[in-house]
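# Chain and residue survey
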Amino acid sequence: MKEEKIKENLMEKIVSLCKRRGFVFPGSEIYGGLAGTWDYGHLGNELLHNIKQSWWNKFVAAREDVYGIRAAILMNTKVWEASGHVAGFADPLENGEKFNTMFKTQIGAKKEEITTSYLRPETAQGIFVNFKNTVDAFHPKLPFGIAQIGKAFRNEIAPRDFLFRQREFDQMEIEYFVRPNEWQKFFEYWKDEMMEWMEEIGLDMSRVHDVEVPEKERAHYSSHTVDFEFEYPFGQKELFGLAYRADFDLKNHNLSYQDQDTGEKIIPHVIEPTFGADRAFLALLLSAYSEDNLGNEPRVFLKLKPTLAPVKVAIFPLLHNKPELVKKAREIYANLKQEIPNIVFDDNGNIGKRYRRQDEIGTPFCVTVDFDTPQDDTVTVRDRDTGTQERVKVTELKEYIKEKIL
Ligand code: GAP
């Protein structure tokens, strides 16, 4: 299929697929919606979870120098005063008046006890306020990082473009603490690490561009920023960011680090790789969305990596009205499901339609029990991207699939 044809109305196609197939629904839809909010359905939730898991595995679980944290969303207002967000986290309004995009909320019931708080606009501050706790508990040596995945909230003036600009979204952030004279080295190091992960999850890297952010456009805390921009159908815009926050945050929170061997006390500098999970999700769908003709029939398929695909394998009996095929397919399904999560059984409609349904949600493999199965104990395994089928022995199926998807 021609590239231009696929790109035609691509956002409309993605939004419609997401709703129809249970990836993403408009927030509060039965009450007319709520601008800037989206709800993830079963398959979207699974895909988002896999994105976060892949991120956590690479940047926390597989490393020795990064510690995880899960901080409270509600924080003492003093945090947001010290971090500069109360004074400086604002977007310009049309008439030039600035508007602070933090959501204000109240804590406490009795009038005289009520205090103002904010829903966090970045997960980063939950990391900084736990800097000392993490150092005291784990005694890390510089350089080291603290990472968090969690919700952030911004009262965006104009939420738009599906998941791109929401009022509530998931961030995946690392604050990496380094010796001040080493910041450039680690800035470059994290730039490479970020690119590597983007490639690993299957983003179309020809649509990703790193762009230096000029001083007047940088966030109030940043001394140097590189944005990774993605070519969305609505323009080339920010996907992720990499900021050099220097000593801005630790200094403002009155925090420092003491080297246990030398006794030297310093304020480490911070390199911050930051990722929006929802933007990763959107960019991934845009990268994976494909159309072609298979067997002279047009089809839509999501070319997701098997590790990220929300459904790994679909098991079918060739015909739903042949009890011996249904029974065998059910047996295989039950057996695989013990060890392979996220596999489905489907005997609805004809086999061609079932393949198309799985292609559209990115299921990498379909297993069909047909009339040869009772004879030779083999099934067909169909590859999503090529449509080619291979006969595999039932006794070897579990290992065959595991090797390809895990
Ligand atoms: N702690 C740094 C920080 O918050 P940011 O560039 O303002 O930096 C980080 O946000 C990431 O969060 C962005 O690169 C983007 O992926 C995501 N993000 C920001 N605002 C968003 C919004 N309104 N909707 C969805 N994702 C958003």
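Naming follows an unreviewed UniProt entry, where the chain appears as Glycine--tRNA ligase.

Turning next to the domain arrangement of the chain. Reports often express the size of an interface as the amount of accessible area lost when the parts come together. One can read the domain layout of the chain as domain 1 (3-70 + 125-286) and domain 2 (311-405). Counting from both sides, the interface comprises seven residues of domain 1 and, opposite them, six residues of domain 2. For the pairing of domain 1 and domain 2, the buried interface totals around 560 Å² over both sides, and the portion due to carbon and sulfur atoms is 46%. With its nearest N and O atoms 2.9 Å apart, the salt bridge here joins Glu 360 to Arg 20. One can count four residue pairs in polar contact (both at pLDDT 80 or more) joining domain 1 with domain 2. Here the element with the most residues in the side of domain 1 that touches domain 2 is helix α3 (residues 42-61); it accounts for three residues. Residues of the side of domain 1 that touches domain 2, tallied by class, amount to three nonpolar, one polar and three charged.

Residues in contact with the ligand amount to 21 residues; listed here are only the nearest, Glu 122, Glu 156, Glu 173, Glu 238 and Leu 239. Within the contact set of the ligand, an oxygen atom lies 2.6 Å away from a backbone nitrogen or oxygen of Leu 239. For the ligand, the protein covers 93% of the area, taking 550 Å² as the surface of the free molecule. Partitioned by chemical class, the residues of the shell around the ligand number seven nonpolar, five polar and nine charged.

Remark: a regular strand shows side chains that alternate across the two faces of the sheet. Examined bridge by bridge, strand β16 (residues 289-294) and strand β17 (residues 297-302) share six bridges and lie antiparallel to one another. Along β17, the bridge assignment pairs Glu 291 with Val 300. What sits between β16 and β17 in their antiparallel hairpin is a turn of two residues, with Gly 295 showing a positive phi close to 60°.

Time to look at the sheet that holds strand β18 (residues 313-317). The five strands are arranged β19-β18-β20-β21-β22 in an open sheet whose pairing can be described as mixed. Since the sheet does not close on itself, it has two edges, and those belong to β19 (343-345) and β22 (389-393), each with one partner. Looking at each pair of strands side by side, their axes are set apart by 25° on average, direction ignored. Direction of pairing for β18 relative to strand β20 (residues 365-369): parallel, over a ladder of five bridges. Across the sheet, Val 313 pairs through a bridge with Phe 365, a residue of β20. Lying over the sheet, helix α12 (residues 351-361) contacts β18, β19, β20, β21 (378-383) and β22, oriented at roughly 170° with respect to β18. Packed onto the sheet, helix α14 (residues 394-405) meets β18, β20, β21 and β22 and runs at close to 125° relative to β22.

Here the focus is the layout of surface pockets. The volume enclosed by the largest pocket comes to roughly 1400 Å³. Lining the largest pocket are 48 residues, with Phe 89, Asp 91, Arg 154, Ala 219 and Glu 238 sitting closest to its centre. Looking at the lining of the largest pocket, the elements with two or more residues in it are α5 (85-88), β4 (90-92), β9 (168-178), β11 (224-232), β12 (235-246), β15 (269-276) and α10 (277-288). Tallying contributions element by element places β12 first for the lining of the largest pocket, with seven residues. The class makeup of the residues in the lining of the largest pocket is 18 nonpolar, 11 polar and 19 charged. Of the volumes computed, that of the second largest pocket is approximately 250 Å³. Surrounding the second largest pocket, 13 residues form its lining, Val 135, Asp 136, Ser 256, Tyr 257 and Gln 258 being those nearest its centre. Broken down by element, the residue count for the lining of the second largest pocket peaks at four residues, all from helix α7 (residues 131-138). In the lining of the second largest pocket, the residues fall into five nonpolar, four polar and four charged.

What follows concerns unusual backbone geometry. Backbone torsion omega between Leu 142 and Pro 143 reads -5°, so that peptide bond is classified as cis. By secondary structure assignment, the location of Pro 143 is in the loop between α7 and β8 (144-153). One non-glycine residue, Asn 254, lies in the positive phi region at around 60°. Secondary-structure assignment places Asn 254 in the loop between α9 (248-252) and β13 (257-258). Looking at Asn 254, the relative accessible area reads 73%, which means it is exposed.

Each pair of packed helices can be summarised by the angle the axes make with each other and by the distance between the axes. Their axes nearest at 11 Å, the elements helix α11 (residues 323-337) and α14 cross at an angle of 40°. Put simply, α11 runs oblique to α14. With respect to the hand of their crossing, α11 and α14 are arranged in right-handed fashion. Contacts between α11 and α14 involve Ile 332, Asn 335 and Leu 336 from the first element and Val 394, Leu 397 and Lys 398 from the second. Split into classes, the residues belonging to the contact of α11 with α14 amount to four nonpolar, one polar and one charged.

Along α12, the positions that sit buried rather than exposed are Arg 354, Tyr 355, Gln 358, Asp 359, Glu 360 and Ile 361. At the N-terminal end of α12, a side-chain oxygen is found 3.0 Å from the backbone nitrogen of Gly 352, two or three residues along, and the residue is Asn 350. Positioned one or two residues after α12, Gly 362 has a phi angle of 85°, which is positive.

Another aspect to go through is the nonpolar core. In this structure, Phe 23, Trp 55, Trp 197, Phe 240, Ile 271 and Phe 281 are the most contacted members of the largest nonpolar core, which totals 64 residues. Broken down by element, this core gets its largest block of residues, nine residues, from α10. Among all residues touching Phe 240, those that are not within four sequence positions of it are Met 194, Trp 197, Met 198, Leu 203, Asp 227, Phe 228, Thr 274, Phe 275, Gly 276 and Ala 280. Listed in part, the 22 residues of the second largest apolar core include Ile 340, Val 392, Val 394 and Tyr 400.

Cut-off values and rules
Residues numbered from 1 in each chain as written. Predicted model: local features only at pLDDT ≥ 70, side-chain atom pairs only at ≥ 80, totals over all residues. Heavy atoms only, no water. Domains from an automatic or database assignment. Contact = heavy atoms within 4.5 Å. Buried area = accessible area lost by both parts, 1.4 Å probe. Salt bridge = Lys/Arg side-chain N within 4 Å of Asp/Glu carboxyl O. Polar contact = N/O pair within 3.5 Å; in protein donor to acceptor, adjacent residues only side chain to side chain. Helix = DSSP H or I, 4+ residues; strand = E, 2+ residues; numbered from the N terminus. Nonpolar A, V, L, I, M, F, W, Y, C, P; charged D, E, K, R; others polar. Near = heavy atom within 4 Å. Areas by Shrake-Rupley, 256 points an atom, 1.4 Å probe, with all protein chains shown as cover. Pairing = 2+ DSSP bridges. Axes fitted to C-alpha atoms, helices over the stretch in contact; angles between N-to-C directions. 1 Å grid on protein atoms, 1.4 Å probe; cavity = no way out; pocket = protein on both sides within 12 Å on 5 of 7 lines; lining within 4 Å. Points joined across faces, edges and corners; volume = space filled by probe spheres on them. Buried < 20%, exposed > 50% of the residue type's maximum accessible area, 1.4 Å probe, protein only. Parallel < 35°, antiparallel > 145°, perpendicular 65-115°, else oblique. Left-handed = near helix turned anticlockwise from the far one by under 90°. Core = buried A, V, L, I, M, F, W, Y, C linked by side-chain atoms within 4.5 Å.

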